Amino acid sequence: MRLIEASIRRPVSVFIFAVAAVVFGLVALGRLATDLLPDITYPSLTVRTGYEGAAPIEVESLITRPVENAVGVVNGVVRVTSSSRADVSEVTLEFAWGTNMDLAGLDVRERLDVLVLPQDADRPVLLRYDPSLDPIKRIGLYGDPDLIRLRLLAEEDVKRSLERIEGVAAVVVSGGLEEEIQVELDERRLANLGLEADLVLTRLAQENVNLTGGRLREGQSEYLVRTINEYLRPEDLAEIVVDSSQGAIVRLSDVAEVRRGHREREIVTRINGQESVEVAVYKEGGTNTVTVSDAVDAGIGALRGRLEQVDPALELVVVTDQARFIRQSVTEVLKTAGYGTLLAILVLCLFLRSWKTTFIIGAAIPISVVATFFLMYTSDISLNIMSLGGLTLGIGLL
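Predicted, not measured: the structure shown is a model, and the values here were computed from it.

On to unusual backbone geometry, then. One non-glycine residue, aspartate 87, lies in the positive phi region at around 80 degrees. Position of aspartate 87 relative to the elements: it lies in the loop between strand S2 (77-85) and strand S3 (88-95). Classification of aspartate 87 as partly exposed rests on a relative accessible area of 35%.

Tracing the chain through its elements places aspartate 243 in strand S10 (residues 241-243). Despite its burial, aspartate 243 pairs with no opposite charge, the nearest such side chain being arginine 203 at 7.7 Å. If we ignore the near neighbours within four places in the chain, the residues touching aspartate 243 are Leu195, Leu199, Ala248, Ile249 and Val250.

For threonine 81, the location among the structural elements is in strand S2. Along the primary structure threonine 81 and asparagine 208 are separated by 127 residues, whereas in three dimensions their C-alpha atoms are 38 Å apart.

As a further point, take the packing of helix H11 (residues 322-352) against helix H12 (residues 355-378). Remark: H11 packs on H12, axes separated minimally by 9 Å, with the N-to-C direction vectors making an angle of 155 degrees. By the angle class used here, H11 and H12 are roughly antiparallel. Of the two possible hands of crossing, H11 and H12 adopt the one that is right-handed. Seen from H11, the contacting residues are Thr341, Ile345, Leu348, Cys349 and Leu352; seen from H12, they are Trp355, Thr357, Thr358, Ile361, Gly362 and Ile365. A class-by-class count of the residues in the contact of H11 with H12 yields seven nonpolar, four polar and no charged.

Let us now look at the pattern of salt bridges. A full pass over the atoms with the stated rule returns 25 salt bridges. In this structure, glutamate 90 engages arginine 48 in a salt bridge whose closest nitrogen and oxygen atoms are separated by 2.9 Å. Residue glutamate 90 is located in strand S3, and its partner arginine 48 is located in strand S1 (residues 44-50); the two are separated by 42 residues in the primary sequence. Judged by relative accessible area, which is 29%, arginine 48 ranks as partly exposed. The partner of glutamate 278 in a salt bridge is arginine 138, with the nearest N and O atoms 2.9 Å apart. Of the two residues, glutamate 278 sits in strand S14 (residues 274-283) while arginine 138 sits in strand S5 (residues 137-142), which places them 140 residues apart along the sequence.

Okay, the environment of leucine 36 next. Structurally, leucine 36 is set in the loop between helix H2 (11-31) and S1. With relative accessibility at 23%, the residue leucine 36 sits in the partly exposed group. Along the backbone, leucine 36 and proline 66 are 30 residues apart, and their C-alpha atoms lie at a distance of 38 Å. Filtering out sequence-adjacent residues up to four positions away, leucine 36 remains in contact with Phe325, Ile326, Ser329, Asn384 and Ile385.

A few words on the packing of helix H3 (residues 56-71) against helix H4 (residues 101-113). The contact between H3 and H4 brings their axes to 9 Å, and the two run at 130 degrees. Between H3 and H4, the crossing angle belongs to the class labelled oblique. Considering only the axes of H3 and H4, their crossing is right-handed. Residues Val67, Ala70 and Val71 of H3 touch H4, and the partners they reach there are Val108, Arg111 and Leu112. A breakdown of the residues in the contact of H3 with H4 according to their chemical character gives five nonpolar, no polar and one charged.

Formed by 24 residues in total, the largest nonpolar core has its most connected members in Ile139, Leu141, Leu162, Val279 and Val296. Every element with two or more residues in this core is listed here: S5, helix H5 (147-163), strand S6 (168-175), S14 and helix H10 (289-310). At six residues, the largest contribution of residues to this core is made by H5. Each residue touching valine 279, except ones within four places of it in the same chain, is listed here: Lys137, Arg138, Ile139, Ala154, Val158, Leu162, Val171, Val172 and Val173. Among the nonpolar cores identified, the runner-up in size contains 21 residues, and Tyr51, Ile63, Val71 and Phe95 belong to it.

Judged by how many residues are buried, S6 sits mostly within the fold: six of eight residues are covered. Across seven bridges, S6 lies against S14 in antiparallel orientation. Residue alanine 170 lies in a different strand from S14, and its bridge partner there is tyrosine 282.

Val200, Arg203, Leu204 and Glu207 are the residues of helix H7 (residues 197-207) that are buried. Buried residues of H7, viewed axially, fall in a sector of 100 degrees; they line one side. Turned more than 90 degrees from where H7 packs its buried face, Asp198, Leu201 and Ala205 sit exposed.

What counts, and where the lines are drawn
Sequence order as written defines the numbering, with residues in each chain counted from 1. Selection of residues for local features in this predicted model requires a pLDDT of at least 70, selection of side-chain atom pairs for listing and counting requires 80 or more, and totals for whole chains, interfaces and linings are taken over all residues. No hydrogens and no water enter the side-chain calculation; it runs on all heavy atoms of the structure. The helix count covers DSSP runs of H or I at least four residues long, the strand count covers runs of E at least two residues long, and both are numbered beginning at the N terminus. A simple rule labels every residue: compare its accessible area, found with a 1.4 Å probe on the protein chains alone, to the largest value its type can have, and call it buried under 20%, exposed over 50%, or partly exposed in between. Note that His is not counted, nor are the chain ends; the positive residues are Lys and Arg, and the negative ones are Asp and Glu. Within this document, salt bridges are pairs made up of a side-chain nitrogen of Lys or Arg and a carboxyl oxygen of Asp or Glu, the two lying within 4 Å of each other. Two residues qualify as a contact provided that any one of their heavy atoms is within 4.5 Å of a heavy atom in the partner residue. Helix axes use the C-alpha atoms of the stretch in contact, all axes being lines fitted to C-alpha atoms, and the angles between their N-to-C directions lie in the range 0 to 180 degrees. For classification purposes, an angle smaller than 35 degrees is called roughly parallel, one larger than 145 roughly antiparallel, one from 65 to 115 roughly perpendicular, and anything else oblique. Crossings are assigned a handedness: left-handed for a near helix turned anticlockwise from the far helix by less than a right angle, right-handed for a clockwise turn. When residues are sorted by character, Ala, Val, Leu, Ile, Met, Phe, Trp, Tyr, Cys and Pro go into the nonpolar class, Asp, Glu, Lys and Arg into the charged class, and all the rest, Gly among them, into the polar class. We call a set of buried Ala, Val, Leu, Ile, Met, Phe, Trp, Tyr and Cys residues a nonpolar core when their side-chain atoms join them within 4.5 Å. Two strands are counted as paired when DSSP detects at least two bridges linking them. Think of it as the arc spanned by the lines of direction from the helix axis to the C-beta atoms.

Below is the structure:
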(Lines give C-alpha, C1' and ligand atoms only; values in the text may rest on other atoms or scores of the structure.)
Protein backbone atom coordinates (compact mmCIF):
# COMPACT_ATOMS: atom_id res chain seq x y z
CA MET A 1 0.00 0.00 0.00
CA ARG A 2 2.86 2.39 0.71
CA LEU A 3 4.08 2.01 -2.88
CA ILE A 4 0.59 2.75 -4.24
CA GLU A 5 0.12 5.76 -1.95
CA ALA A 6 3.55 7.14 -2.83
CA SER A 7 2.82 6.71 -6.55
CA ILE A 8 -0.47 8.59 -6.22
CA ARG A 9 1.10 11.45 -4.24
CA ARG A 10 4.12 11.80 -6.60
CA PRO A 11 2.81 11.26 -10.13
CA VAL A 12 5.62 13.30 -11.74
CA SER A 13 8.32 11.17 -10.12
CA VAL A 14 6.54 7.99 -11.19
CA PHE A 15 6.27 9.34 -14.73
CA ILE A 16 10.00 10.18 -14.81
CA PHE A 17 10.92 6.72 -13.54
CA ALA A 18 8.68 5.15 -16.19
CA VAL A 19 10.25 7.24 -18.96
CA ALA A 20 13.76 6.38 -17.70
CA ALA A 21 12.88 2.68 -17.64
CA VAL A 22 11.63 2.88 -21.24
CA VAL A 23 14.71 4.80 -22.44
CA PHE A 24 17.19 2.44 -20.76
CA GLY A 25 15.22 -0.55 -22.02
CA LEU A 26 15.20 0.66 -25.63
CA VAL A 27 18.94 1.40 -25.52
CA ALA A 28 19.61 -2.05 -24.06
CA LEU A 29 17.37 -3.67 -26.69
CA GLY A 30 19.61 -2.31 -29.45
CA ARG A 31 22.67 -3.80 -27.75
CA LEU A 32 21.25 -7.18 -26.82
CA ALA A 33 22.87 -10.16 -28.50
CA THR A 34 20.52 -12.20 -30.67
CA ASP A 35 20.64 -15.98 -30.82
CA LEU A 36 18.33 -18.91 -31.43
CA LEU A 37 18.81 -20.47 -28.00
CA PRO A 38 20.62 -19.49 -24.78
CA ASP A 39 24.37 -20.08 -24.65
CA ILE A 40 24.55 -23.79 -23.86
CA THR A 41 27.83 -24.45 -25.68
CA TYR A 42 29.75 -27.10 -23.78
CA PRO A 43 33.38 -26.06 -23.14
CA SER A 44 35.30 -28.42 -25.39
CA LEU A 45 38.42 -28.69 -27.54
CA THR A 46 39.06 -31.08 -30.43
CA VAL A 47 42.48 -32.43 -31.41
CA ARG A 48 42.56 -33.50 -35.06
CA THR A 49 45.49 -35.46 -36.49
CA GLY A 50 45.84 -36.63 -40.07
CA TYR A 51 47.58 -39.91 -40.98
CA GLU A 52 47.21 -40.43 -44.70
CA GLY A 53 46.98 -43.99 -45.93
CA ALA A 54 46.33 -45.53 -42.49
CA ALA A 55 43.40 -47.80 -41.65
CA PRO A 56 41.11 -47.00 -38.69
CA ILE A 57 42.81 -49.65 -36.51
CA GLU A 58 46.26 -48.18 -37.18
CA VAL A 59 44.95 -44.65 -36.56
CA GLU A 60 43.52 -45.73 -33.20
CA SER A 61 46.65 -47.54 -31.98
CA LEU A 62 49.30 -45.14 -33.32
CA ILE A 63 47.54 -41.76 -33.07
CA THR A 64 44.34 -41.74 -31.04
CA ARG A 65 45.53 -43.60 -27.94
CA PRO A 66 48.80 -41.64 -27.54
CA VAL A 67 46.90 -38.37 -27.93
CA GLU A 68 44.28 -39.46 -25.38
CA ASN A 69 46.98 -40.42 -22.86
CA ALA A 70 48.79 -37.11 -23.36
CA VAL A 71 45.87 -34.68 -23.13
CA GLY A 72 43.51 -36.67 -20.92
CA VAL A 73 45.27 -35.50 -17.75
CA VAL A 74 44.84 -31.78 -18.44
CA ASN A 75 43.27 -29.89 -15.54
CA GLY A 76 39.52 -29.50 -15.80
CA VAL A 77 38.89 -32.36 -18.24
CA VAL A 78 35.75 -34.30 -17.29
CA ARG A 79 35.32 -36.46 -20.39
CA VAL A 80 37.41 -37.61 -23.35
CA THR A 81 35.82 -38.99 -26.52
CA SER A 82 37.60 -40.05 -29.69
CA SER A 83 36.86 -41.01 -33.26
CA SER A 84 39.30 -42.99 -35.42
CA ARG A 85 38.59 -43.05 -39.15
CA ALA A 86 40.67 -43.77 -42.19
CA ASP A 87 43.34 -41.05 -42.51
CA VAL A 88 42.15 -38.96 -39.54
CA SER A 89 41.90 -39.06 -35.75
CA GLU A 90 39.75 -36.75 -33.64
CA VAL A 91 39.96 -36.54 -29.85
CA THR A 92 37.40 -34.28 -28.13
CA LEU A 93 38.06 -32.95 -24.62
CA GLU A 94 35.07 -31.79 -22.58
CA PHE A 95 35.87 -29.45 -19.69
CA ALA A 96 34.00 -28.47 -16.54
CA TRP A 97 31.75 -25.42 -16.68
CA GLY A 98 33.60 -22.20 -15.94
CA THR A 99 36.97 -23.46 -17.21
CA ASN A 100 39.18 -20.80 -18.81
CA MET A 101 39.41 -22.21 -22.34
CA ASP A 102 42.38 -20.01 -23.31
CA LEU A 103 44.52 -21.48 -20.52
CA ALA A 104 43.16 -24.96 -21.23
CA GLY A 105 44.15 -24.59 -24.88
CA LEU A 106 47.70 -23.58 -23.92
CA ASP A 107 47.98 -26.58 -21.60
CA VAL A 108 46.80 -28.94 -24.34
CA ARG A 109 49.26 -27.45 -26.87
CA GLU A 110 52.16 -27.90 -24.44
CA ARG A 111 51.36 -31.58 -24.06
CA LEU A 112 50.96 -32.06 -27.81
CA ASP A 113 54.34 -30.43 -28.48
CA VAL A 114 56.19 -33.17 -26.57
CA LEU A 115 54.08 -36.00 -28.01
CA VAL A 116 55.96 -38.42 -30.30
CA LEU A 117 53.88 -39.63 -33.26
CA PRO A 118 54.76 -41.54 -36.45
CA GLN A 119 56.83 -39.52 -38.90
CA ASP A 120 54.22 -39.84 -41.65
CA ALA A 121 51.50 -38.41 -39.43
CA ASP A 122 50.52 -34.76 -39.66
CA ARG A 123 51.06 -32.42 -36.77
CA PRO A 124 48.05 -32.38 -34.39
CA VAL A 125 45.73 -29.41 -34.91
CA LEU A 126 43.76 -27.95 -31.99
CA LEU A 127 40.23 -26.88 -32.95
CA ARG A 128 38.13 -24.58 -30.78
CA TYR A 129 34.90 -25.74 -32.34
CA ASP A 130 33.03 -29.02 -32.68
CA PRO A 131 33.64 -30.43 -36.19
CA SER A 132 30.31 -32.30 -36.00
CA LEU A 133 28.37 -29.01 -35.89
CA ASP A 134 27.23 -27.21 -39.02
CA PRO A 135 29.03 -24.01 -40.06
CA ILE A 136 27.23 -20.75 -39.33
CA LYS A 137 27.70 -19.59 -42.91
CA ARG A 138 28.42 -21.23 -46.27
CA ILE A 139 29.84 -19.02 -49.01
CA GLY A 140 30.16 -19.87 -52.70
CA LEU A 141 32.82 -18.53 -55.09
CA TYR A 142 32.22 -19.04 -58.82
CA GLY A 143 32.56 -17.36 -62.19
CA ASP A 144 35.96 -18.67 -63.33
CA PRO A 145 36.13 -21.81 -65.50
CA ASP A 146 39.67 -22.48 -64.22
CA LEU A 147 38.82 -24.43 -61.05
CA ILE A 148 42.48 -24.60 -59.95
CA ARG A 149 42.73 -20.80 -59.99
CA LEU A 150 39.34 -20.54 -58.29
CA ARG A 151 40.45 -22.86 -55.46
CA LEU A 152 43.70 -20.93 -55.06
CA LEU A 153 41.80 -17.62 -54.75
CA ALA A 154 39.52 -19.14 -52.12
CA GLU A 155 42.44 -20.44 -50.04
CA GLU A 156 44.85 -17.54 -50.40
CA ASP A 157 42.46 -14.58 -50.33
CA VAL A 158 38.98 -15.48 -49.05
CA LYS A 159 40.03 -17.93 -46.34
CA ARG A 160 42.85 -15.81 -44.93
CA SER A 161 40.68 -12.69 -44.81
CA LEU A 162 37.81 -14.42 -42.99
CA GLU A 163 40.07 -16.21 -40.49
CA ARG A 164 41.22 -12.84 -39.12
CA ILE A 165 37.68 -11.86 -38.10
CA GLU A 166 37.04 -11.98 -34.36
CA GLY A 167 34.87 -14.93 -33.34
CA VAL A 168 35.71 -17.07 -36.38
CA ALA A 169 37.27 -20.38 -35.29
CA ALA A 170 37.98 -21.95 -38.67
CA VAL A 171 37.35 -21.53 -42.39
CA VAL A 172 37.20 -24.73 -44.46
CA VAL A 173 37.49 -24.65 -48.26
CA SER A 174 36.04 -27.47 -50.37
CA GLY A 175 35.32 -28.04 -54.03
CA GLY A 176 37.28 -26.91 -57.05
CA LEU A 177 40.59 -28.52 -57.95
CA GLU A 178 43.66 -28.66 -55.69
CA GLU A 179 46.81 -28.19 -57.74
CA GLU A 180 49.68 -30.66 -57.36
CA ILE A 181 52.71 -31.86 -59.30
CA GLN A 182 52.21 -35.48 -60.35
CA VAL A 183 55.00 -37.96 -60.96
CA GLU A 184 53.98 -41.13 -62.81
CA LEU A 185 56.71 -43.79 -62.87
CA ASP A 186 57.28 -45.94 -65.95
CA GLU A 187 57.80 -49.47 -64.62
CA ARG A 188 59.28 -50.74 -67.87
CA ARG A 189 61.97 -48.05 -67.93
CA LEU A 190 62.79 -48.70 -64.28
CA ALA A 191 63.14 -52.42 -64.96
CA ASN A 192 65.38 -51.84 -68.00
CA LEU A 193 67.69 -49.62 -65.90
CA GLY A 194 67.64 -51.98 -62.92
CA LEU A 195 66.14 -49.37 -60.57
CA GLU A 196 63.42 -49.66 -57.95
CA ALA A 197 60.54 -47.31 -57.19
CA ASP A 198 61.72 -46.89 -53.59
CA LEU A 199 64.95 -45.36 -54.86
CA VAL A 200 63.03 -42.73 -56.80
CA LEU A 201 60.87 -41.91 -53.78
CA THR A 202 63.97 -41.59 -51.59
CA ARG A 203 65.65 -39.24 -54.04
CA LEU A 204 62.53 -37.06 -54.25
CA ALA A 205 62.42 -36.79 -50.46
CA GLN A 206 66.13 -35.95 -50.30
CA GLU A 207 66.03 -33.27 -52.99
CA ASN A 208 62.76 -31.50 -52.17
CA VAL A 209 63.56 -30.17 -48.68
CA ASN A 210 63.09 -27.12 -46.49
CA LEU A 211 65.08 -27.68 -43.29
CA THR A 212 66.55 -25.59 -40.49
CA GLY A 213 70.33 -25.35 -40.71
CA GLY A 214 71.00 -23.78 -37.31
CA ARG A 215 72.03 -20.24 -36.30
CA LEU A 216 74.88 -18.03 -37.43
CA ARG A 217 76.26 -15.28 -35.17
CA GLU A 218 78.06 -12.23 -36.52
CA GLY A 219 78.88 -9.65 -33.89
CA GLN A 220 75.63 -8.60 -32.23
CA SER A 221 73.52 -10.11 -35.01
CA GLU A 222 72.12 -13.60 -35.18
CA TYR A 223 70.90 -15.18 -38.43
CA LEU A 224 68.69 -18.20 -38.90
CA VAL A 225 70.13 -20.52 -41.56
CA ARG A 226 67.75 -22.69 -43.59
CA THR A 227 68.27 -25.21 -46.36
CA ILE A 228 65.62 -24.42 -48.96
CA ASN A 229 65.43 -26.63 -52.03
CA GLU A 230 61.72 -26.81 -52.82
CA TYR A 231 60.65 -27.39 -56.40
CA LEU A 232 57.75 -25.31 -57.68
CA ARG A 233 57.77 -26.24 -61.39
CA PRO A 234 57.53 -29.66 -63.06
CA GLU A 235 60.50 -28.76 -65.28
CA ASP A 236 62.78 -28.36 -62.26
CA LEU A 237 61.55 -31.58 -60.68
CA ALA A 238 62.19 -33.52 -63.89
CA GLU A 239 65.93 -32.65 -63.73
CA ILE A 240 66.51 -34.46 -60.41
CA VAL A 241 69.29 -37.05 -60.71
CA VAL A 242 67.84 -40.39 -59.62
CA ASP A 243 70.93 -42.61 -60.06
CA SER A 244 74.50 -42.36 -61.32
CA SER A 245 76.03 -45.55 -59.91
CA GLN A 246 76.36 -47.25 -63.30
CA GLY A 247 78.38 -44.45 -64.88
CA ALA A 248 75.38 -42.82 -66.57
CA ILE A 249 73.22 -40.08 -65.10
CA VAL A 250 69.57 -41.10 -64.86
CA ARG A 251 67.21 -38.22 -64.36
CA LEU A 252 63.63 -38.33 -63.16
CA SER A 253 62.35 -37.44 -66.63
CA ASP A 254 64.02 -40.63 -67.94
CA VAL A 255 61.94 -42.96 -65.77
CA ALA A 256 58.78 -40.95 -65.08
CA GLU A 257 56.38 -38.41 -66.53
CA VAL A 258 56.25 -35.18 -64.52
CA ARG A 259 53.33 -32.84 -65.07
CA ARG A 260 51.20 -30.27 -63.32
CA GLY A 261 47.80 -31.67 -62.38
CA HIS A 262 45.26 -31.78 -59.57
CA ARG A 263 44.25 -34.11 -56.76
CA GLU A 264 41.48 -36.60 -57.17
CA ARG A 265 38.15 -34.87 -56.63
CA GLU A 266 36.01 -35.89 -53.67
CA ILE A 267 33.48 -33.03 -53.62
CA VAL A 268 31.77 -31.22 -56.50
CA THR A 269 29.87 -28.01 -55.68
CA ARG A 270 27.70 -26.03 -58.07
CA ILE A 271 25.94 -22.66 -57.86
CA ASN A 272 23.41 -21.70 -60.53
CA GLY A 273 24.64 -24.61 -62.63
CA GLN A 274 28.30 -23.49 -62.51
CA GLU A 275 31.04 -25.38 -60.69
CA SER A 276 32.20 -23.42 -57.66
CA VAL A 277 34.26 -23.49 -54.48
CA GLU A 278 32.52 -23.59 -51.11
CA VAL A 279 33.88 -21.74 -48.07
CA ALA A 280 32.42 -22.89 -44.72
CA VAL A 281 32.79 -20.56 -41.71
CA TYR A 282 32.77 -21.99 -38.17
CA LYS A 283 32.43 -19.84 -35.06
CA GLU A 284 34.26 -20.21 -31.76
CA GLY A 285 32.44 -21.83 -28.88
CA GLY A 286 30.60 -19.35 -26.66
CA THR A 287 30.43 -16.59 -29.27
CA ASN A 288 27.19 -15.14 -30.60
CA THR A 289 26.13 -16.51 -33.98
CA VAL A 290 24.47 -13.32 -35.25
CA THR A 291 27.36 -11.07 -34.15
CA VAL A 292 29.95 -13.28 -35.87
CA SER A 293 27.77 -13.56 -38.97
CA ASP A 294 27.45 -9.76 -39.21
CA ALA A 295 31.22 -9.40 -38.94
CA VAL A 296 31.69 -12.00 -41.68
CA ASP A 297 29.19 -10.14 -43.89
CA ALA A 298 31.28 -6.98 -43.50
CA GLY A 299 34.38 -8.95 -44.49
CA ILE A 300 32.58 -10.41 -47.51
CA GLY A 301 31.71 -6.90 -48.68
CA ALA A 302 35.40 -5.93 -48.69
CA LEU A 303 36.32 -9.20 -50.42
CA ARG A 304 33.86 -8.60 -53.26
CA GLY A 305 35.62 -5.34 -54.09
CA ARG A 306 39.04 -7.01 -54.23
CA LEU A 307 37.79 -9.96 -56.28
CA GLU A 308 36.14 -7.59 -58.77
CA GLN A 309 39.54 -6.00 -59.39
CA VAL A 310 41.04 -9.46 -60.03
CA ASP A 311 38.24 -10.63 -62.37
CA PRO A 312 34.86 -8.89 -62.83
CA ALA A 313 33.26 -12.27 -63.60
CA LEU A 314 33.95 -13.63 -60.10
CA GLU A 315 30.93 -13.87 -57.81
CA LEU A 316 31.00 -14.33 -54.02
CA VAL A 317 27.56 -15.25 -52.67
CA VAL A 318 26.23 -16.42 -49.31
CA VAL A 319 24.56 -19.81 -49.78
CA THR A 320 23.35 -20.49 -46.24
CA ASP A 321 23.34 -18.32 -43.13
CA GLN A 322 22.23 -19.44 -39.67
CA ALA A 323 21.84 -15.81 -38.59
CA ARG A 324 19.05 -15.37 -41.14
CA PHE A 325 17.06 -18.23 -39.61
CA ILE A 326 17.74 -16.93 -36.09
CA ARG A 327 16.49 -13.44 -36.97
CA GLN A 328 13.36 -14.88 -38.55
CA SER A 329 12.66 -17.02 -35.50
CA VAL A 330 13.15 -14.12 -33.07
CA THR A 331 10.99 -11.85 -35.24
CA GLU A 332 8.18 -14.41 -35.22
CA VAL A 333 8.34 -14.65 -31.42
CA LEU A 334 8.25 -10.85 -31.15
CA LYS A 335 5.19 -10.76 -33.41
CA THR A 336 3.52 -13.40 -31.25
CA ALA A 337 4.29 -11.34 -28.14
CA GLY A 338 2.74 -8.28 -29.80
CA TYR A 339 -0.39 -10.20 -30.73
CA GLY A 340 -0.58 -11.53 -27.16
CA THR A 341 -0.37 -8.01 -25.77
CA LEU A 342 -3.20 -6.78 -28.00
CA LEU A 343 -5.38 -9.77 -27.12
CA ALA A 344 -4.70 -9.29 -23.39
CA ILE A 345 -5.72 -5.62 -23.60
CA LEU A 346 -8.82 -6.56 -25.61
CA VAL A 347 -9.89 -9.16 -23.02
CA LEU A 348 -9.31 -6.63 -20.21
CA CYS A 349 -11.47 -4.10 -22.02
CA LEU A 350 -14.27 -6.64 -22.48
CA PHE A 351 -14.27 -7.63 -18.80
CA LEU A 352 -13.59 -4.25 -17.16
CA ARG A 353 -15.76 -2.25 -19.58
CA SER A 354 -13.68 0.83 -18.81
CA TRP A 355 -11.27 2.41 -21.30
CA LYS A 356 -9.53 4.38 -18.56
CA THR A 357 -8.69 1.33 -16.44
CA THR A 358 -7.75 -0.65 -19.55
CA PHE A 359 -5.40 2.13 -20.70
CA ILE A 360 -3.62 2.18 -17.32
CA ILE A 361 -3.05 -1.59 -17.35
CA GLY A 362 -2.27 -1.58 -21.10
CA ALA A 363 0.43 1.07 -20.58
CA ALA A 364 1.97 -0.93 -17.72
CA ILE A 365 2.49 -4.00 -19.93
CA PRO A 366 4.87 -2.50 -22.58
CA ILE A 367 6.68 -0.39 -19.97
CA SER A 368 7.37 -3.51 -17.90
CA VAL A 369 8.52 -5.50 -20.96
CA VAL A 370 10.83 -2.75 -22.23
CA ALA A 371 12.32 -2.29 -18.75
CA THR A 372 13.03 -6.02 -18.68
CA PHE A 373 15.35 -5.60 -21.68
CA PHE A 374 17.66 -3.47 -19.54
CA LEU A 375 17.76 -6.16 -16.84
CA MET A 376 18.51 -8.77 -19.53
CA TYR A 377 21.39 -6.65 -20.82
CA THR A 378 22.93 -6.20 -17.38
CA SER A 379 22.55 -9.96 -16.72
CA ASP A 380 24.17 -10.85 -20.09
CA ILE A 381 21.07 -12.67 -21.32
CA SER A 382 20.67 -12.84 -25.09
CA LEU A 383 17.52 -12.21 -27.06
CA ASN A 384 16.46 -15.76 -27.97
CA ILE A 385 13.27 -17.76 -28.31
CA MET A 386 13.54 -18.95 -24.68
CA SER A 387 13.88 -15.50 -23.12
CA LEU A 388 11.26 -14.04 -25.46
CA GLY A 389 8.96 -16.95 -24.63
CA GLY A 390 9.30 -16.04 -20.96
CA LEU A 391 8.47 -12.42 -21.75
CA THR A 392 5.41 -13.55 -23.71
CA LEU A 393 4.28 -15.61 -20.75
CA GLY A 394 4.93 -12.63 -18.47
CA ILE A 395 2.66 -10.45 -20.59
CA GLY A 396 -0.26 -12.80 -19.97
CA LEU A 397 0.52 -13.01 -16.26
CA LEU A 398 0.83 -9.24 -15.97
